Each structure stands twice: as structure tokens, then as C-alpha cells.
Amino acid sequence: MTESNAAVARFEDAEEVERSLGRVARISEVPEGADWNAVEQVMLQRRSIRRYKRRQVPAHLIRRMLEVGRYAPSQGNCQPWKFVVVRDADVIQGMEDYCVAACQKLSRGLDYTTHPVGSWRHRITRAKARLFNRLQPNMLHPVPMTVVTAIAEGRFAVFHRAPTVILLLMDTRGIGSPEIDIGICGTNIVLAAQSLGLGTCWVGFSKFLNQSREWCARLGMEHPFELTEAITVGYPVGDPSHLIARDTHEIAWLEGGKKEVLY
Amino acid sequence: MALQSKRERRHFPDWDNPQECIFQRVAIDLEACDGCKLCTLVCPANVLEVYGEKGRKKARVKASQRGCISCNNCRAICENGAIGATQANDFVGFYRQLGRGNFAMPRRF
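These remarks concern the structure in this document. (Residues numbered from 1 in each chain as written. Chains lettered and ligands numbered in written order. Predicted model: local features only at pLDDT ≥ 70, side-chain atom pairs only at ≥ 80, totals over all residues.)

**So, the overall build of chain A**
Next, step 1: Secondary structure assignment for chain A yields 9 helices and 7 strands.
Next, step 2: Whereas a compact globule of 263 residues would reach a radius of gyration of roughly 18 Å, chain A reaches 24 Å, over 25% beyond that.
Next, step 3: Dimensions of chain A, computed from the C-alpha atoms along their principal axes, are close to 80 × 45 × 45 Å.
Next, step 4: Burial status across chain A gives 31% buried among its 263 residues.
Next, step 5: Nonlocal contacts in chain A, meaning residues at least 24 apart in sequence, comprise 76% of its contacts between residues at least 6 apart. (Helix = DSSP H or I, 4+ residues; strand = E, 2+ residues; numbered from the N terminus. Rg over C-alpha atoms; globule rule 2.2 N^0.38 Å. Buried ≥ 20, exposed ≤ 12 C-beta atoms within 10 Å, placed from the backbone. Contact = placed C-beta atoms within 7 Å.)

Set out below in C-alpha cells:
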């Protein structure tokens with residue numbers, strides 16, 4: 001038997017090994033239609049919280065959240081993350097001010113909806129927006145563009161006046177697609193927060209900070225690290241725990257030689 | 001067969017054209033709404049407001065606003081179940097929604 005065949009055989013025999021040891025691990029049977037378990041409940045009740053109480057979150061709870069973040073799966077176990085925790089209101093305000101200024105620039109340059117239809121400003125910004133839309137279709141989606149202008153006009157806060165902001169920095173040298181690992185790590189963090197009675201919100205607009213040499217130095221976003229997402233943390237205002245309806249999505253189900261489409 | 005034609009993929013919707021960017025308008029049950037204002041605070045798109053005189057305030061969608069993202073944060077915070085989005089938003093051209101079914105509450109399988 002060649003070496004690679006031996007490896008395959010070992011893989012196929014895994015269950016046999018368990019049996020021969022007389023230590024067959026129990027399978028937990030979940031009946032159809034069973035109630036949500038604690039983890040599912042947390043996942044279903046998590047909302048993006050943008051209104052927080054002023055009260056600061058105890059430091060040990062932030063440490064707990066980051067602790068489970070550390071155990072997120074990552075490609076090749078490369079763990080391409082670094083955390084920055086900001087709990088000083090004046091620093092958060094400084095980050096806010098920088099991102100607001102960036103949104104003002106972006107809104108002025110591209111949001112033609114703020115100019116009267118038919119005006120030359122409308123025509124020029126619309127032509128520019130059309131071009132950038134092709135180049136950056138994700139960034140210039142109609143949804144975030146309404147938010148950019150709301151931020152620029154002071155109707156919306158980037159960091160939601162949260163008492164704590166966690167910055168997720170990515171090691172750009174990570175294996176495969178490190179952005180995905182950052183997403184999984186952050187998901188661990190926000191679900192842990194939810195289970196601890198805290199509210200969180202992902203803040204992609206925080207990425208503007210990467211453009212500032214000063215903020216990069218201050219927050220450690222220097223090569224090979226890059227700010228990928230921020231997560232605001234605090235106690236939510238009101239009780240946002242009622243379950244809600246959401247879109248269903250197409251599920252292609254391949255089984256028994258057939259393909260079915262479910263929702 | 002492609003899900004989107006080349007022509008459709010080349011078309012970027014106008015941000016301020018309600019026929020091209022179709023944002024949901026949330027449904028409000030005025031009987032159940034007690035005008036508590038919490039939904040207006042948590043709405044990420046800032047499209048909700050309360051109106052009416054004291055004691056009989058109700059929530060409504062602002063006339064001049066676009067941008068509801070059907071997140072249902074309003075539904076999640078409403079004690080009376082009086083408000084909520086029942087559909088996702090949609091766009092024409094490049095951003096047209098694909099492979100979506102109806103809205104559904106969490107289903108136990």
C-alpha cells in the first residue's frame with residue numbers, strides 16, 4: 001500500500017476505530033420541530049443596535065467577547081486578526097469626525113440626489129457616480145449611498161455614540177481570503193455580546209480611517225494590518241428582542257439523484 | 001442561461017428614482033401603535049417619525065425619505081407588534097434581487 005492509500009484507509013476507518021475502542025461517541029438526536037436552543041435563540045434575536053445607553057460596558061465583558069473571537073475558525077488556522085478596543089469618548093469622537101469628513105467629501109463628489117434635477121451640478125455628479133458605480137459596484141450601492149449623505153448631513157452617526165468600539169484589524173498576509181476569517185471572528189464576538197445582554201453593530205464606514213496616516217499610526221493599522229470592520233458595543237435602548245420576519249433565500253437541494261429548489 | 005442579461009448588468013439604477021430603487025414602506029397598524037417613538041430611534045434609515053397630538057401619537061413613514069432596508073429593527077423593538085417590513089427592497093438592472101422568496105418568521109424544522 002502506498003502512503004497516500006494508507007491515509008485514505010485511515011480516513012475511511014475512523015468509525016471502525018471508534019467501535020473497536022468500545023467508546024462510540026453519542027449522537028444527540030434533535031427531534032423535528034424542536035424549540036430553539038440557547039445558541040439559536042441568540043442568533044435569531046441579534047439585531048444591529050444603533051442606539052445605546054450611556055453606561056459603559058464592564059471591561060471583563062469585552063474581554064469575554066474577544067476571548068470567543070480568538071476561537072473562531074480561520075483558513076489554515078492563520079488567525080489573521082488583531083483587536084483594538086477604544087473606550088475613550090474623545091478618541092471615538094475623533095474617529096467619528098474623521099469618518100464624517102470623509103463622507104462629506106464622498107457625498108459632495110458623487111451624491112447627485114442632493115442637487116436639483118437638471119442643474120449642471122446634478123448632471124456632473126451623476127455622470128461621475130455612473131462611472132464610479134461601474135468601478136466600485138459594492139461601495140456605491142444605492143443603500144450605503146443614502147447613508148453616506150445622512151452621515152455627511154449629521155443625521156446619522158458612524159459609531160452610533162457607542163461607549164465601546166472594537167476595531168477588527170486584518171493581517172493582509174492571511175491564508176486564502178482573510179476577510180472571511182475576520183467576518184467569522186466578528187460573528188463570534190457579536191453573538192457572545194448578544195448572549196451577555198449587549199447590543200452590537202458592524203460599522204463598515206470605519207474603513208475610512210485606513211486613509212489617515214495619523215489614525216493608522218495611532219491605532220496600529222500599519223502594514224501588514226488593515227482596518228477591516230469595527231463593532232460598536234453597548235447596552236441597547238429599549239428591548240429589541242422580538243423575533244422578526246426576513247427574506248427567504250433559494251436553496252438548491254441535491255439528493256437522491258434529483259435537484260430541488262427550496263426556500 | 002444567465003440570470004441577468006448583459007444589458008441588465010450594464011444598467012445602474014438612479015438612486016433617487018423610486019421606480020428603479022424600490023425601497024419598502026413599512027406597514028403600521030395604527031390601532032396597535034401607541035406612539036412610543038422607539039421605532040423612530042432605532043430605524044437605521046431614519047425614515048420613521050411620530051405625528052399627532054399628545055396622548056394620541058402614531059408612527060408613520062416620512063414622506064420625503066428613501067432608504068428603508070427592510071431590517072425590521074422597528075418590528076424587533078415594538079412592544080405591540082404594530083410595525084414592520086413585509087418585503088425586501090429591490091432594484092432594477094445591476095442590483096436586481098435574485099433567488100429571494102417571501103419574508104418569513106423563523107421557521108422550526
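**Digging into the packing of helix H5 (residues 89–110) of chain A against helix H7 (residues 142–152) of chain A**
All names here are of chain A.
Next, step 1: Where H5 contacts H7, the two axes come as close as 8 Å, and the packing angle between them is 120 degrees. It follows that H5 is oblique to H7 by the angle criterion. Along this stretch, H5 crosses H7, giving a crossing that reads as left-handed. Of H7, the residues touching H5 (which contributes Val100, Cys103, Gln104, Leu106 and Ser107) are Val148, Thr149, Ile151 and Ala152.
Next, step 2: Its residues placed into classes, the contact of H5 with H7 shows 6 nonpolar, 3 polar and no charged. (Axes fitted to C-alpha atoms, helices over the stretch in contact; angles between N-to-C directions. Parallel < 35°, antiparallel > 145°, perpendicular 65-115°, else oblique. Left-handed = near helix turned anticlockwise from the far one by under 90°. Nonpolar A, V, L, I, M, F, W, Y, C, P; charged D, E, K, R; others polar.)

**Let's talk about the interface of chain A and chain B**
Next, step 1: Listed as interface residues are 35 residues of chain A and, on the opposing side, 37 residues of chain B.
Next, step 2: If you list the elements that add at least two residues to the side of chain A that touches chain B, you get helix H6 (120–135), H7 and strand S5 (246–249) of chain A.
Next, step 3: Among the elements that take part in the side of chain A that touches chain B, H7 of chain A stands out by supplying 5 residues, more than any other.
Next, step 4: Bridging between S5 of chain A and strand S7 (residues 100–104) of chain B involves 3 bridges; their strand directions are antiparallel. (Pairing = 2+ DSSP bridges.)

**Looking at the environment of leucine 131 of chain A**
Residues and elements named next belong to chain A.
Next, step 1: Here leucine 131 lies in helix H6.
Next, step 2: In this structure leucine 131 comes out as partly exposed when scored by C-beta crowding, with 13 C-beta atoms within 10 Å.
Next, step 3: Considered as a pair, leucine 131 and glycine 76 are 55 residues apart in the sequence and their alpha carbons are 38 Å apart.

**Concerning the packing of helix H4 (residues 59–69) of chain A against helix H8 (residues 178–195) of chain A**
All names here are of chain A.
Next, step 1: It is at 8 Å that the axes of H4 and H8 come closest, and there the two elements cross at 140 degrees. The handedness of the crossing between H4 and H8 is right-handed. Seen from H4, the contacting residues are Arg64, Met65, Leu66, Val68 and Gly69; seen from H8, they are Cys185, Asn188, Ile189, Ala192 and Ala193.
Next, step 2: Broken down by class, the residue content of the contact of H4 with H8 amounts to 7 nonpolar, 2 polar and 1 charged.

**Overview of unusual backbone geometry**
Next, step 1: Between histidine 223 of chain A and the following residue, proline 224 of chain A, the backbone shows a cis peptide bond with an omega angle of 5 degrees.
Next, step 2: Structurally, the position occupied by proline 224 of chain A is in the loop between helix H9 (213–219) and strand S4 (225–234).
Next, step 3: If you check the backbone angles, asparagine 77 of chain A has positive phi at about 50 degrees while not being a glycine.
Next, step 4: Position of asparagine 77 of chain A among the secondary structure elements: in the loop between H4 and strand S1 (81–86).
Next, step 5: Phi is positive for asparagine 72 of chain B, which is not a glycine, with a value near 65 degrees.
Next, step 6: Its location among the elements puts asparagine 72 of chain B in the loop between strand S4 (58–61) and helix H3 (73–77).
Next, step 7: Of the residues examined, asparagine 72 of chain B has 23 C-beta atoms within 10 Å and is grouped as buried.

**Quick word on H8 of chain A**
Residues and elements named next belong to chain A.
Next, step 1: Its 18 residues give H8 an end-to-end C-alpha distance of 26 Å, which sits within 8% of 26 Å, the value for a rise of 1.5 Å per residue.
Next, step 2: Of the residues making up H8, those classed as buried are Pro178, Asp181, Ile182, Cys185, Gly186, Ile189, Val190, Ala193 and Gln194.
Next, step 3: Looking at the buried side of H8, the elements it contacts are helix H3 (38–45), H4, S1, strand S2 (164–171), strand S3 (199–203) and S4.
Next, step 4: Looking at the residues trailing H8, positive phi occurs at glycine 197, about 85 degrees. (Expected span 1.5 Å × (residues − 1).)

**Thoughts on the sheet that holds S3 of chain A**
Residue and element names in this part refer to chain A.
Next, step 1: The strand order across the open sheet built from 4 strands is S1-S2-S4-S3, with neighbouring strands paired in antiparallel fashion. Unpaired on one side and paired on the other, S1 and S3 mark the two borders of the sheet. The average undirected angle you get between the axes of adjacent strands in this sheet is 25 degrees.
Next, step 2: Here 5 bridges tie S3 to S4, and the two strands are oriented antiparallel to one another. When the bridges of S4 are listed, valine 203 appears paired with alanine 230.

**Structural notes on H4 of chain A**
Residues and elements named next belong to chain A.
Next, step 1: Within H4, the full set of buried residues consists of Ile62, Met65 and Gly69. The arc that holds the buried residues of H4, viewed along the axis, is 60 degrees, so those residues lie on one side. Exposed side of H4, more than 90 degrees from the buried face: His60, Arg63 and Glu67 are the residues found there.
Next, step 2: Looking at the packing, one finds that the buried side of H4 touches S1, S2, H8 and S4. (Arc of directions from axis to C-beta.)

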